[in-house]
Amino acid sequence: MKPIGVFDSGVGGLTVVKELIKVLPYEDLIYFGDTARVPYGIKSQETVIKFSIENILFLLNQDVKLICVACNTVSSLALPIIRHHFKVPIVGVLSPAVREAVYATKNKKVGVIGTRGTINSGAYEREIKQLDPRIKVFAVACPLFVPFAEEGFLSGPAVSYVAEKYLAPLKKQNVDTLILGCTHYPLLKPLIQEVMGKNVTLIDSAKQVALEVREILSREKQLKVAGKGRQQFFVSDNPEWFSNLAKQFLGRPIHNAKKVNHV
Ligand code: DGL
């Protein structure tokens, strides 16, 4: 059976890999992190599209059966435009999160947080409104959460101050559901929950994405149901940096990350 391909702008996509391993333990995974060009969250749509096509071509060269796009910025800015140009199924992180949020909200006020690219694209809002036009969407970019997560600042006065500032408009609007629209934010979940209050439902799409991948593979009779799943990790720069951060995002260390010149 062919492997599943996963890509992200860097290390954050490992939060999705963690769920894929839980839900699909027999599958082989090939991960690509574009560590030479991260972050994508501040780049133009044109650039994110170009990088995404290059990353997809790299994974297709590894003969993958499905591509899972772990990056929210790519899923928002590039996927709607490029996905139909490829034969292989490509799964992004937006739709699974949107479906869950639409299901979860009671007061029809949903918050979305993500990178500037994700928020400025308006992609989450569009998808939510397609499912339920009555829902009001409040979106806020939280760019500093990415370096905080990478530096391991998951609690304490500095990150709490920033979280209070970023999340204040969402609290004011009384959202009852909040989509964590960025690979890095699940690490800050306890802090975000504390700031938003315990009655707000936080939606972290990683698990839903893994379930969607399983559903597609099962439908296409491509599911691997025995053997031990193997993971291979490729990056475009600095495998040491990637490996050091991996434990935080994946929950276990990585020893086999390899640098490739993929373009
Ligand atoms: N992976 C990106 C995302 O989920 C966050 C990091 C970046 O800006 O590249 O949007």
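This structure is a prediction, so every number in the text was calculated from the model and none was measured. (Residues numbered from 1 in each chain as written. Predicted model: local features only at pLDDT ≥ 70, side-chain atom pairs only at ≥ 80, totals over all residues. Heavy atoms only, no water.)

Peer 1: Help me get a handle on the environment of Ser 95, residues and values and all.
Peer 2: With respect to the element layout, Ser 95 can be found in helix H5 (residues 94-104). Separated by 110 residues in sequence, Ser 95 and Ser 205 have C-alpha atoms that sit 8.7 Å apart. (Helix = DSSP H or I, 4+ residues; strand = E, 2+ residues; numbered from the N terminus.)

Peer 1: Quick rundown of the site of the ligand? Include the residues and the values.
Peer 2: Surrounding the ligand, one finds 13 residues, the nearest of these being Asp 8, Ser 9, Tyr 40, Gly 41 and Thr 73. Within the side chain of Asp 8, a nitrogen or oxygen atom sits 2.9 Å from a nitrogen atom of the ligand. Between Thr 73 and the ligand, the recorded distance is 2.6 Å, taken from a side-chain N or O atom to an oxygen atom. The fraction of the free accessible surface of the ligand (290 Å²) that becomes covered by protein chains is 98%. (Near = heavy atom within 4 Å. Polar contact = N/O pair within 3.5 Å; in protein donor to acceptor, adjacent residues only side chain to side chain. Areas by Shrake-Rupley, 256 points an atom, 1.4 Å probe, with all protein chains shown as cover.)

Peer 1: Lay out the pairing of strand E3 (residues 66-69) with the relevant residues and their values.
Peer 2: Alternating residues of E3 divide into Leu 66 and Cys 68 and Ile 67 and Val 69, and every residue in both groups is buried. The pairing of E3 with strand E4 (residues 90-91) spans two bridges and is classified as parallel. The residue of E4 that forms the bridge with Cys 68 is Val 91. (Buried < 20%, exposed > 50% of the residue type's maximum accessible area, 1.4 Å probe, protein only. Pairing = 2+ DSSP bridges.)

Peer 1: Please give an account of the packing of aromatic side chains that cites residues and values.
Peer 2: If you walk through the whole model with that rule in mind, you get nine aromatic pairs. Centre to centre, the rings of Tyr 31 and Phe 233 are 6.0 Å apart; their planes meet at 55 degrees, and the pair counts as tilted. Taken together, the residues span a long stretch of sequence, with Tyr 31 in strand E2 (residues 29-33) and Phe 233 in strand E9 (residues 231-235) at a distance of 202 residues. Each member of the pair Tyr 31 and Phe 233 is classed as buried. Between Tyr 40 and Phe 51, the aromatic rings sit 5.4 Å apart at their centres with planes inclined by 45 degrees, giving tilted as the arrangement. Taken together, the positions of Tyr 40 in the loop between E2 and helix H2 (45-61) and Phe 51 in helix H2 put the pair 11 residues apart, joining distant regions of the chain. Taking the relative accessible area as the measure of exposure, Tyr 40 reaches 1% and is therefore buried. Phe 51 gets classed as buried once you look at its relative accessible area, which sits at 9%. Three or more aromatic residues joined by ring pairs make a cluster, and in this case those are Tyr 31, Phe 233 and Phe 242. Seen from the ring of Phe 51, Arg 37 lies directly overhead, with NZ or CZ sitting 3.7 Å from the centre. (Phe/Tyr/Trp six-rings, centres within 6.5 Å; stacked < 30°, edge-to-face > 60°. Lys NZ or Arg CZ within 6 Å of the ring centre and 35° of its normal.)

Peer 1: Report on the sheet that holds E4, specifying residues and quantitative values.
Peer 2: With parallel pairing, the six strands of this open sheet are ordered in space as E4-E3-E1-E2-E9-E10. Looking at strand neighbours, the two that pair on one side only are E4 and strand E10 (257-259), the edges of this open sheet. Strands in contact with helix H1 (residues 14-23) are strand E1 (4-8), E2, E3 and E9; relative to E2, the strand with the most contacts, it is inclined by about 175 degrees. Against the sheet, helix H11 (residues 206-219) contacts E1, E3 and E4, and its axis sits at roughly 165 degrees relative to E3. (Contact = heavy atoms within 4.5 Å. Axes fitted to C-alpha atoms, helices over the stretch in contact; angles between N-to-C directions.)

Peer 1: I'd like a description of the pairing of E2, backed by residues and values.
Peer 2: Where burial is concerned, most of E2 is hidden: five out of the five residues are buried. Of the two faces of E2, the one carrying Leu 29, Tyr 31 and Gly 33 and the one carrying Ile 30 and Phe 32 are both buried. Looking at chain direction, E2 and E9 are connected through five bridges and run parallel. By the bridge assignment, Phe 32 is partnered in E9 with Phe 234.

Peer 1: Outline the side chain of Ser 121, supporting the account with residue identities and numerical values.
Peer 2: With respect to the secondary-structure elements, Ser 121 resides in helix H6 (residues 116-121). Relative accessible area serves as the criterion here: at 14%, Ser 121 is assigned to the buried category. Reaching out from Ser 121, the side chain makes a polar contact with the backbone oxygen of Thr 118 at a distance of 2.7 Å. A polar atom in the side chain of Ser 121 sits 3.1 Å from the backbone nitrogen of Ala 123. With residues up to four places along the chain from it excluded, the contact list for Ser 121 reads Ser 76, Leu 77 and Arg 126.

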